[in-house]
Amino acid sequence: MIKKIALLIMILVFVSCNTKKSVIQTTRKGSKTNTSVVRNYKKTTSKKANETQTLEATTRVKVTNDMILAYIEKYNAVAQANRNKYGIPASIILGQAILESGSGTGPLCVQANNHFGIKCHKDWTGASISFDDDTVGECFRKYDNPYDSFRDHALFLTTGLRYISLFTLDKKDYKAWAKGLKDAGYATDSQYPTKLIAIIERFQLYKYDGGTLEKEPVYANEKVASNPSEYQVSPGDTLYSISRKFKLSIDELKNKNNMSDNTISIGQNLKIN
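Residues numbered from 1 in each chain as written. Predicted model: local features only at pLDDT ≥ 70, side-chain atom pairs only at ≥ 80, totals over all residues. Heavy atoms only, no water.

Turning to the state of the cysteines, a few remarks are in order. Working definition of a disulfide: a covalent bond connecting the sulfur atoms of two cysteines. A full pass over the atoms with the stated rule returns one disulfide. With its sulfur 2.0 Å from that of its partner, C120 forms a disulfide with C139. Its S-S torsion of approximately -65° makes the covalent link between C120 and C139 left-handed. Here the residue C120 occupies a position in the loop between α5 (107–112) and β3 (128–131), and C139 occupies one in strand β4 (residues 138–141), the gap between them amounting to 19 residues. Judged by its relative accessible area of 6%, C120 is buried. (Disulfide = S-S within 2.5 Å. Helix = DSSP H or I, 4+ residues; strand = E, 2+ residues; numbered from the N terminus. Buried < 20%, exposed > 50% of the residue type's maximum accessible area, 1.4 Å probe, protein only.)

Put simply, helix α4 (residues 90–101) and helix α7 (residues 174–184) touch, their axes get as near as 9 Å, and they point 50° apart. By the criterion of interaxial angle, the relationship of α4 to α7 is oblique. The interaxial crossing formed by α4 with α7 has right-handed handedness. Taking contact as the criterion, the partners of S91, I92 and Q96 in α4 are, on α7, Y174, W177, A178 and L181. (Axes fitted to C-alpha atoms, helices over the stretch in contact; angles between N-to-C directions. Parallel < 35°, antiparallel > 145°, perpendicular 65-115°, else oblique. Left-handed = near helix turned anticlockwise from the far one by under 90°. Contact = heavy atoms within 4.5 Å.)

On to the nonpolar core. One finds I88, I92, Y186 and L205 to be the most contacted residues of the largest nonpolar core, which totals 45 residues. If you list the elements that add at least two residues to this core, you get β2 (60–64), α3 (65–86), α4, α6 (146–159), α7 and α8 (192–202). In this structure, I88 is in contact with N82, R83, I93, A154, L157, T158, F167 and W177, ignoring residues within four places of it in sequence. V233, L239, L253 and I272 belong to the second-largest nonpolar core, a separate cluster that totals ten residues. (Core = buried A, V, L, I, M, F, W, Y, C linked by side-chain atoms within 4.5 Å.)

On to unusual backbone geometry, then. Its identity as a non-glycine residue notwithstanding, H121 has a phi of 60°, on the positive side. As for its position among the elements, H121 is in the loop between α5 and β3.

Moving on to the packing of α3 against α4. Where α3 meets α4, the closest approach of the two axes is 8 Å, and the angle between their N-to-C directions is 135°. By the angle between their directions, the pair α3 and α4 is classed as oblique. Crossing hand, α3 versus α4: right-handed. Residue-level contacts link I68, Y71, I72, Y75, N76, A79, Q80, N82 and R83 of α3 to A90, I93, L94, A97, I98 and S101 of α4. Tallied by class, the residues present in the contact of α3 with α4 amount to ten nonpolar, four polar and one charged. (Nonpolar A, V, L, I, M, F, W, Y, C, P; charged D, E, K, R; others polar.)

Nothing here speaks to function; it is geometry throughout.
Structure follows, in structure tokens:
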């Protein structure tokens with residue numbers, strides 16, 4: 001009987017030694033903590049300020065949420081001013097600028113202050129830069145400063161016949177505007193509306209579509225001639241955009257200035273009253 005008990009004990013000891021034990025990893029006293037794991041954990045549980053976003057339209061760049069928020073802080077006033085003056089939703093202005101310029105970090109933006117990826121087109125008489133986009137070496141507009149780019153974007157939409165239908169839309173319906181921009185041919189990317197709407201909603205840009213602006217920014221190139229009844233032509237102006245700005249017809253503007261055609265030049269003073 002004693003032998004049987006001893007044999008049983010030996011069998012139990014042998015089995016337990018060969019059984020896999022579950023492993024619990026711990027940090028020994030004095031050992032080095034795995035800091036890479038801690039950093040990753042903090043990144044996913046924080047407000048994700050340093051999380052990167054890939055922005056692609058004219059350029060493809062990676063920026064952090066903090067960079068995008070700083071860009072919004074810097075340019076939301078001019079976006080709201082253009083909303084008030086030209087009737088374009090501020091959310092659309094900011095969303096396009098963020099997407100097209102990579103929040104101000106894209107090479108086209110850095111080299112040419114072009115925040116909206118606007119190409120030269122046949123009516124552009126200002127400075128330009130050669131940049132690869134749909135094809136190699138395309139002509140893009142170049143500006144002296146970012147605010148000229150924001151202003152030209154507003155004029156580009158308000159004076160372009162293809163964008164007329166946008167201004168029949170609700171000024172707070174950013175989804176309809178995003179889709180309308182694509183339908184009008186602003187971008188060739190089929191996902192352009194989706195990307196634009198995602199930026200607007202992620203950063204709550206729609207909050208800039210209402211309310212009033214305490215102080216509107218002054219554009220570097222927007223000058224009124226010494227005579228208040230005259231307007232000085234700025235880069236990007238067309239006869240049509242000036243006529244809309246001062247609520248005149250093109251014929252009225254031409255008659256006031258004895259013009260036989262629609263040709264204007266930068267620095268030219270036009271009678272508006």
